[in-house]
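# Descriptive analysis of the structure
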Amino acid sequence: MKVAVVSFPGTNCDVDCAVAWERILNATVSVVRHVERIAPGTELVVLPGGFSHGDYLRCGALAAVAPVMDSVAAHAAAGGLVLGICNGFQILCEAGLLPGVLRRNRTGRFVCREEWLRVERADSPFTAACPARIRLPIAHGEGAYWADEGTLAELEESGRVLLRYECNPNGSRNDIAAIRNAAGNVAGMMPHPERACDARLGGTDGIAVLRSVLVEAMR
Amino acid sequence: MNRYDLTVTIMPKPEVADPQGQAVREAGQRFLEREGAAGQLLDMRIGKVVALRCTASSAAEAERLASLLADRMLANPNIEKFRIAIGMVEPVSP
């Protein structure tokens, strides 16, 4: 599998993602800089976590207009897989590839801990290999998913919520931790699956998220 | 071409919670209480002001540029609204 991990100035989970996808899926991973383009033949684009452009203006807002995003949008429009994790989720929302926006946590505090998540969909390339509940690390100050009532209703009715917090840590509407687009090929999640791919480092539940793309492909 | 100064004021929409504004309001209320003005600070919302300067052939074009920036980048229409104020600085010699 060919994976492109996009790195913006201030991204800090790019290496974690590259290592995780290489180890778990034996993927060929290239790190693509914010001024470059996604190479033809790429199957999955990962927008990793971090603080792209220092979270200036709004988290993800400057990354969303970076040159690389034109080719990410083109990849998505052609049906290619895109996964945004944490800051990557914020970037996808700011870029309009996913609806809604991530806002400051209700408590105003940065939260860094593990959370239990309810897996809502077994038919997504990002959750197909997951059991009914998984435990993943979160680490964010702005992870409260917000969308207006109409958008929220549409997400729920069309089954586009992928993961929900069992115990809401940030004030996310409807306890949302991960969503997908209407076509199903673009997803964003606040939890960090790449940080839970080694029993010595924060558990192994993230492996199921990474493997989901293979399970879905076998259908 | 003329040079224009524009101010984009961005505020969170009223229906969207503003934890920063709320935290600062609560601190402000405690402060004013000590200053003898208990109960007088009713609300506070925090937004952003962006001052920008551009060249354009007309005020309308300058406003269009600022509006494009504000709508697509400076503000997030999901949660924020903005308004633009314009003033010409000086003509630019060709």
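Keep in mind it's a predicted model, so treat the numbers as computed, not measured. (Residues numbered from 1 in each chain as written. Chains lettered and ligands numbered in written order. Predicted model: local features only at pLDDT ≥ 70, side-chain atom pairs only at ≥ 80, totals over all residues. Heavy atoms only, no water.)

## Some remarks on the interface of chain B and chain A
Which entries qualify depends on this criterion: Residue contacts are defined here by distance: any two heavy atoms, one from each residue, within 4.5 Å place the two residues in contact. Accessible-area loss on putting two parts together, using a 1.4 Å probe and summing over both, is the definition of buried area adopted here. Every case where a carboxyl oxygen of Asp or Glu lies within 4 Å of a side-chain nitrogen of Lys or Arg is listed as a salt bridge. Pairing of N or O atoms within 3.5 Å defines a polar contact, subject to two protein rules: one partner must be a possible hydrogen donor and the other a possible acceptor, and residues neighboring in sequence count only if both atoms are side-chain atoms. Polar here means any residue other than Ala, Val, Leu, Ile, Met, Phe, Trp, Tyr, Cys and Pro, which are nonpolar, and Asp, Glu, Lys and Arg, which are charged; Gly is therefore polar.
Taken residue by residue, the interface counts 12 residues in chain B and 12 residues in chain A. The contact between chain B and chain A buries some 1,100 Å² in all, and 58% of this surface belongs to carbon and sulfur atoms. Of all residues in chain B, the largest losses of buried area upon contact with chain A belong to Pro19, Met73 and Asn78 of chain B, amounting jointly to 41% of the total for that side. Scanning the region where chain B abuts chain A turns up 1 salt bridge. Of the charged contacts, one joins Glu80 of chain B and Arg58 of chain A as a salt bridge, the two residues approaching to 3.4 Å between their closest N and O atoms. In this structure, the connection of chain B to chain A is made through 7 residue pairs in polar contact (both at pLDDT 80 or more). Looking at side-chain class alone, the side of chain B that touches chain A contains 7 nonpolar, 2 polar and 3 charged residues.

## A few points about the nonpolar core
What counts here: Note on terminology: a nonpolar core comprises buried Ala, Val, Leu, Ile, Met, Phe, Trp, Tyr and Cys residues joined through side-chain atoms within 4.5 Å. Summary of the burial criterion: residues with accessible area below 20% of their type's maximum are buried, those above 50% are exposed, and those between are partly exposed, where the area comes from a 1.4 Å probe applied to protein chains only.
Counting residues in each nonpolar core, the largest one holds 67 residues, and the members touching the most others are Phe8, Trp21, Tyr145 and Leu163 of chain A. Sequence-distant contacts of Tyr145 of chain A, that is, excluding residues within four places in its chain, are made with Phe89, Cys93, Pro99, Gly100, Val101, Leu102, Leu152, Leu155, Ser172, Arg173, Ile176 and Ile179 of chain A. Formed by 13 residues, the second largest nonpolar core is a distinct cluster that contains Tyr4, Leu6, Ala56 and Ala62 of chain B.

## Comments concerning the layout of surface pockets
Applied cut-off: Only protein atoms enter the calculation, which uses a 1 Å grid: trapped sets of points that fit a 1.4 Å probe without letting it out are cavities, open sets showing protein on both sides within 12 Å along at least five of seven lines are pockets, and any residue with an atom within 4 Å of a point is a lining residue. Grid points are joined across faces, edges and corners, and a volume is the space filled by probe spheres set on the points. A run of DSSP states H or I qualifies as a helix once it reaches four residues; a run of E qualifies as a strand once it reaches two. Both are numbered from the N-terminal end.
If you add up the space inside the largest pocket, you get close to 450 Å³. Taken together, 22 residues make up the lining of the largest pocket; nearest its centre are Arg58, Arg103 and Glu142 of chain A together with Lys48 and Glu80 of chain B. Only helix H3 (87-94) and strand S5 (101-103) of chain A together with strand S1 (2-12) and helix H1 (19-34) of chain B provide two or more residues apiece to the lining of the largest pocket. Considering only residue class, the lining of the largest pocket consists of 10 nonpolar, 3 polar and 9 charged.

## Observations concerning the sheet that holds S1 of chain B
Residues and elements named next belong to chain B. Test applied: In this analysis, strands are considered paired if DSSP registers two or more bridges between them. Only the stretch in contact is used when fitting a helix axis, every axis being a line fitted to C-alpha atoms; angles between N-to-C directions are given from 0 to 180 degrees.
If you walk across this open sheet you meet the 3 strands as S2-S1-S3, and the pairing is antiparallel. In the strand order of this sheet, the two ends are held by strand S2 (48-56) and strand S3 (80-91), each with one partner. Averaged over neighbouring strand pairs, the angle between their axes works out to 20° when direction is ignored. In terms of strand pairing, S1 meets S2 through 9 bridges, oriented antiparallel. Along S2, the bridge assignment pairs Arg3 with Thr55. The strands touched by helix H2 (residues 59-74) within the sheet are S1, S2 and S3, with S3 carrying the most contacts at an inclination of about 145°.

## Section: helix H1 (residues 14-25) of chain A
Residue and element names in this part refer to chain A. The following threshold applies: Given a helix with a known number of residues, its expected span is that number minus one, times 1.5 Å.
Here H1 contains 12 residues, and its C-alpha end-to-end distance of 16 Å stays within 8% of the 16 Å for a straight helix at 1.5 Å per residue. Looking at the buried residues of H1, the elements they touch are strand S1 (2-7), strand S2 (28-33), strand S3 (44-47), strand S4 (81-85) and helix H5 (206-218). The first or second residue beyond H1 is Asn26, which carries a positive phi of 55°.

## So, helix H2 (residues 68-77) of chain A
Residue and element names in this part refer to chain A. The condition is simple: Directions drawn from the helix axis to the C-beta atoms are what define this arc.
Val68, Met69, Ser71, Val72, His75 and Ala76 are the residues of H2 that are buried. Along the long axis of H2, the arc covered by the buried residues comes to 160°, so they all point the same way. Away from the buried face of H2 by more than 90 degrees, exposed residues Asp70 and Ala77 are located. Check the buried side of H2 and you find it contacts S1, S2, S3, S4, H3 and strand S11 (186-189). Looking at the residues trailing H2, positive phi occurs at Gly79, about 95°.

## Topic: the pattern of salt bridges
All names here are of chain A. Throughout the structure, instances matching the rule amount to 15 salt bridges over all chains. Put simply, Asp198 and Arg23 hold a salt bridge, and the shortest N to O gap is 3.9 Å. Linking Asp198 in the loop between S11 and H5 with Arg23 in helix H1, this pair joins segments that are 175 residues apart in sequence. Residues Arg133 and Glu166 are paired through a salt bridge, measuring 2.8 Å at the closest nitrogen-oxygen approach. Remark: Glu166 occurs in the loop between strand S9 (161-165) and strand S10 (176-180) and Arg133 occurs in strand S7 (residues 133-140); sequence separation between them is 33 residues. Among the residues examined, Arg133 registers a relative accessible area of 40% and is labelled partly exposed. You can call Glu166 partly exposed: its relative accessible area is 38%.

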